[in-house]
Amino acid sequence: MMQFHLHVGQSQPHTSEAPVLQFLGKSKKRKRRLLDTNDWISLQDHKIKGNSHTQYLIRLKVDNVVWSFWTRYSMLSELHQTLDEVIKSQLPTFPVKRLFGNLNPDFISTRKSQLNIYLQALFKDPQVRDSKVFQDFINNSKQKAFKKADLDSLHRFKLDV
């Protein structure tokens, strides 16, 4: 299960489209935008849910919009497996699965660091970063973050909603 949070970055360049449509990424022209070097990804935090699993807070900045979402190791593992099927080059090493002791604070700290290194390596590899699989991962997290966003906060930013 993923949870999402939205943060507004710098304003976007002016075009003839309504500002809210730009902001929500709902352009009529659904051309896939390639990520650039000013975009970033970072694993920020973690939390243990119900003594059963750990969730990790991932934060992204793409096209001057920053958002964050909670996800599990298993979801990132699925991303890795899917990328492995479609990317021709060698992917960075994905942290190994551990069946027992995965709630140990030292283990969580190590895995968090390994996942952060992994995500940043994916983001730096143009073949991975610009792949449809990775773009879908980015766009899905962004769309869900906007759906979860408090619409009152959009009014505070004086956007046309």
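In what follows, the accompanying structure is described. For clarity, every value in this text was computed on a predicted model and none was experimentally measured.

Cut-off values and rules
- Within every chain, residues take consecutive numbers counted from 1 along the sequence as written.
- Side-chain atom pairs in this predicted model are given and counted only at pLDDT of 80 or more, local residue features only at pLDDT of at least 70, and totals for whole chains, interfaces and linings cover all residues.
- Hydrogen atoms and water are omitted, and side-chain values are computed over all heavy atoms in the structure.
- Throughout this description, buried means an accessible area under 20% of the type-specific maximum (1.4 Å probe, protein chains only), exposed means over 50%, and partly exposed covers the range between.
- Helix numbering and strand numbering both begin at the N terminus, where a helix is a DSSP run of H or I of at least 4 residues and a strand a DSSP run of E of at least 2.
- Here the rule is simple: two strands pair whenever DSSP picks up at least two bridges between them.
- As used in this record, nonpolar core signifies buried Ala, Val, Leu, Ile, Met, Phe, Trp, Tyr and Cys residues forming a set joined through side-chain atoms within 4.5 Å.
- The convention used is that axes are lines fitted to C-alpha atoms, helices contributing only their stretch in contact, and that angles between N-to-C directions extend from 0 to 180 degrees.
- Should the near helix be turned anticlockwise from the far one by less than a right angle, the crossing is termed left-handed; should it be turned clockwise, right-handed.
- We call two residues in contact when some of their heavy atoms are within 4.5 Å.
- Only Asp, Glu, Lys and Arg are considered charged, only Ala, Val, Leu, Ile, Met, Phe, Trp, Tyr, Cys and Pro nonpolar, and every remaining residue, Gly among them, polar.
- Centres within 6.5 Å are what make two rings of Phe, Tyr or Trp a pair, Trp counting through its six-membered ring; a difference in plane orientation under 30 degrees is then read as stacked, over 60 as edge-to-face, and the rest as tilted.
- Comment: the charge-over-ring label is applied if NZ (Lys) or CZ (Arg) is within 6 Å of the ring centre and within 35 degrees of the ring normal.

Notes on the pairing of strand β4 (residues 65–72)
And step 1. β4 sits mainly inside the fold: seven of its eight residues count as buried.
And step 2. Sheet analysis places strand β3 (residues 53–62) next to β4, joined by eight bridges and oriented antiparallel. Following the sheet pairing, Y56 is matched in β4 by T71.
And step 3. Between the antiparallel neighbours β3 and β4 lie two residues, among them D63 with a positive phi of about 55°.

Let's talk about the environment of F94
And step 1. Tracing the backbone through its elements, the reader meets F94 in the loop between α2 (73–86) and α3 (105–124).
And step 2. For F94, a relative accessible area of 11% gives the class buried.
And step 3. Counting along the chain gives 24 residues from F94 to Y118, while the straight-line C-alpha distance between them is 6.4 Å.

Quick look at the nonpolar core
And step 1. Formed by 27 residues in total, the largest nonpolar core has its most connected members in L60, W67, L83, L119, L122, F134 and I138.
And step 2. If you list the elements that add at least two residues to this core, you get β2 (40–49), β3, β4, α2, α3 and α5 (132–148).

So, the packing of α2 against α3
And step 1. Between α2 and α3, the least distance of the axes is 12 Å, while the angle of their chain directions is 35°. When the axes of α2 and α3 are compared, the crossing they make is left-handed. Of α3, the residues touching α2 (which contributes Y73, L76, L79, H80 and L83) are R111, L115, Y118, L119 and L122.
And step 2. Within the contact of α2 with α3, the residues separate by chemical class into eight nonpolar, one polar and one charged.

Quick look at the packing of aromatic side chains
And step 1. Scanning the entire structure with this criterion turns up five aromatic pairs.
And step 2. Aromatic pair Y73 and F94: ring centres 5.2 Å apart, planes at 40°, arrangement tilted. With Y73 in helix α2 and F94 in the loop between α2 and α3, this pair connects stretches of sequence that are 21 residues apart.
And step 3. Residue Y73 is classed as buried on the basis of its relative accessible area of 9%.
And step 4. Relative to Y118, the ring of F94 lies with its centre 4.9 Å away and its plane at 85°, an arrangement referred to as edge-to-face. Of this pair, F94 sits in the loop between α2 and α3 while Y118 sits in helix α3, placing them 24 residues apart in sequence. With respect to burial, F94 and Y118 carry one shared label: buried.
And step 5. Pairwise contacts between aromatic rings join F69, F123, F134 and F137 into one cluster.
And step 6. A cation sits over an aromatic face here: K47 above W70, 4.2 Å from the ring centre.

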